There are 2 protein chains.
Amino acid sequence: MWRILAAEGFGGLTMRAVATELGATTGLVTHYFPSKQALVVHALELAETRTRELTPSIEGLRGLAALEQALAGVLPLTPETTEINRVWVSSWDVALADPALRTLEKARYQRWRARLKPLVEQSQQEGDLPPGNPDDLVASLAAFTHGLVVQALFAPRTFPHQRLLDLLQSHLKALRPAGR
Amino acid sequence: MWRILAAEGFGGLTMRAVATELGATTGLVTHYFPSKQALVVHALELAETRTRELTPSIEGLRGLAALEQALAGVLPLTPETTEINRVWVSSWDVALADPALRTLEKARYQRWRARLKPLVEQSQQEGDLPPGNPDDLVASLAAFTHGLVVQALFAPRTFPHQRLLDLLQSHLKALRPAGR
DNA sequence: TGCGGTACATAACAAGTGTTCCGTACCTAC
DNA sequence: GTAGGTACGGAACACTTGTTATGTACCGCA
């Protein structure tokens, strides 16, 4: 199922594609997923699970270093994270078309921002990020990171791994308050 | 055709949908678009045309003010710009799946960045943006803006118009070099 | 007045889609 | 050992998809 998503995107996710990729028939698929919607929902959950699995540990890191690591973990720096991002971006089409899936995607975004928030607050307290509403800063950093992901997916040659890391680092550095 | 894209996204763009929306038959559609690919390509061109049509004029503005206006013009602040953004995000699914469309989308991104570049350079010269590689700054600002667009599309209540503008403005202000 | 090309309508095709139904193994519990 | 539920395989259904072929108006031009 993941192989299909990574190769064809959500547009190529069909009952039969899953069945043949599995070496089975449609009977199996319909047995576990009563409808296409259920299959798509499970695909989204699968994507989030894989995201969490591949999220690099920020153990031992604090403040800005932890934040940078957390954001860098989202960038398409490995084949696996590239696949995940490709699947996510692809899922936005179906997610925007279906109200139920849109709600799921919205909730996922909120969870991501919630996970980033304490790191941002820590960085603010340590003077590495400017003061102000942490929610706004989190939203801005999430926006920057995901926007970078999209550009990198379409032009990987223009945005090689090192440049992505450099852009992230210099962006965080540019946000550092004056006098530090 | 645009009504279909805005309502159903690229997943709902079919020959027959275009025909019935037009009050005609598939014969008309196939007459002007020999294949589905041609139709999709034209849909992408149509999206870019509409984008340019709705891009607010930055005449009379210079430097950071012009840049802010140009970026704000991308944000989903009106029903029309929301539609456009919804279509663009939706197009990323098919664009990532098809190499030819991927190239088109990549080129579009490059054109956007090229249009932003002189404004960024102007802002740098006037001291409103930090020095450094302007291409990097342009990519970062494009990333920020598009990332904000995606979040706003999924959670318009969380990101009302005024907050989007505030986020953009405070982001640009946070990038201002020290001492100004 | 005829002739050719454009602009469709209409229909059919083959392939692919989600879904439903039925049969049948197999395993478990009593 | 037998009843019942689970786990599929296989086939069919109704529908939609892109594509193709055929027919026919209409319009400009010689």
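This text goes with the structure placed above it.
Being a predicted model, the structure only gives us computed values, none of them experimental.

## Regarding the overall build of chain A
From N to C terminus, chain A includes nine helices and zero strands. Starting at the N terminus and ending at the C terminus, chain A contains elements arranged as α-α-α-α-α-α-α-α-α. Taking contacts inside chain A between residues at least 6 apart in sequence as the whole, the part at least 24 apart equals 60%.

## A few points about the relation of the copies chain A and chain B
Laying chain A over chain B is done by rotating through 180° and shifting 0.0 Å along the axis; what remains is an RMSD of 0.0 Å. The superposition operator between the copies reduces to a two-fold rotation axis. Comparing contact sets, 100% of the residues at the interface of chain A also lie at the interface in chain B, consistent with an isologous, same-surface contact.

## A few points about the interface of chain A and chain B
Contact residues are listed per partner, giving 39 residues for chain A and 39 residues for chain B. Put simply, the parts of the chain that give the side of chain A that touches chain B at least two residues each are α6 (79-97), α7 (99-125), α8 (134-154) and α9 (161-175) of chain A. The leading source of residues in the side of chain A that touches chain B is α8(A), at 14 residues. Partitioning the side of chain A that touches chain B into residue classes produces 21 nonpolar, eleven polar and seven charged.

## Quick word on helix α5 (residues 63-72) of chain B
All names here are of chain B. Residues of α5 that are buried include every one of L64, L67, E68, A70 and L71, and no others. An end-on view of α5 places all buried positions within 165° of arc, on one side of the element. Considering only its buried residues, α5 is in contact with α7 (99-125), α8 (134-154) and α9 (161-175).

## Focus: the protein's contact with DNA strand C
Not every one of the 14 residues close to DNA strand C is listed here, only the nearest: A:T14, A:K36, B:T25, B:G27 and B:L28. Elements that contribute at least two residues to the surface near DNA strand C include exactly α2 (15-22) and α3 (26-32) of chain A together with α3 (26-32) of chain B. In terms of residue count, the dominant contributor to the surface near DNA strand C is α3(B) (four residues). Of the residues assigned to the surface near DNA strand C, the class counts are three nonpolar, nine polar and two charged.

## A word on the nonpolar core
Membership of the largest hydrophobic core comes to 86 residues, with the highest contact counts inside it found for A:V120, A:L141, A:L148, B:V120, B:L141 and B:L148. Once residues lying within four places of it in the same chain are set aside, the contact partners of A:V120 are A:L67, A:L129, A:P134, A:L137, A:V138 and A:L141.

## As for the protein's contact with DNA strand D
Neighbouring residues of DNA strand D: 15 residues in total, closest A:A24, A:G27, A:L28, B:T14 and B:K36. Mapped by element, the contributors of at least two residues to the surface near DNA strand D are α3 of chain A together with α2 (15-22) and α3 of chain B.

## Observations concerning the packing of α7(A) against α8(A)
Residue and element names in this part refer to chain A. It is the contact of α7 with α8, at a shortest axis distance of 9 Å, that shows an interaxial angle of 115°. Every pair of crossing elements has a handedness; the one defined by α7 and α8 is right-handed. Contacts from W112, R113, L116, K117, V120, E121 and Q124 of α7 reach α8 at P134, L137, V138, A139, L141 and A142.

## Overview of the environment of A:A24
Turning to its location among the elements, A:A24 is positioned in the loop between α2 and α3. For the pair formed by A:A24 and A:L116, sequence separation is 92 residues and the distance between their alpha carbons is 41 Å.

## Brief notes about α8(A)
Its 21 residues place the ends of α8(A) 31 Å apart at the C-alpha level, agreeing with the 30 Å of an ideal helix rising 1.5 Å per residue. In terms of burial, α8(A) is a largely internal element, 18 of the 21 residues being buried.

## Focus: the packing of α5(B) against α7(B)
Residues and elements named next belong to chain B. At their nearest, the axes of α5 and α7 sit 7 Å apart, and the two run at 145° to each other. Regarding α5 and α7, the two cross each other, and that crossing is left-handed. On α7, the residues touching G63, L64, A66, L67 and A70 of α5 are L116, L119, V120, Q122 and S123. Among the residues forming the contact of α5 with α7, the class breakdown is seven nonpolar, three polar and no charged.

Calculation notes
- Residues numbered from 1 in each chain as written.
- Chains lettered and ligands numbered in written order.
- Predicted model: local features only at pLDDT ≥ 70, side-chain atom pairs only at ≥ 80, totals over all residues.
- Helix = DSSP H or I, 4+ residues; strand = E, 2+ residues; numbered from the N terminus.
- Contact = placed C-beta atoms within 7 Å.
- Least-squares fit on C-alpha atoms with pLDDT ≥ 70 in both.
- Nonpolar A, V, L, I, M, F, W, Y, C, P; charged D, E, K, R; others polar.
- Buried ≥ 20, exposed ≤ 12 C-beta atoms within 10 Å, placed from the backbone.
- Arc of directions from axis to C-beta.
- Near = placed C-beta within 6 Å.
- Core = buried A, V, L, I, M, F, W, Y, C linked by C-beta atoms within 7 Å.
- Axes fitted to C-alpha atoms, helices over the stretch in contact; angles between N-to-C directions.
- Left-handed = near helix turned anticlockwise from the far one by under 90°.
- Expected span 1.5 Å × (residues − 1).

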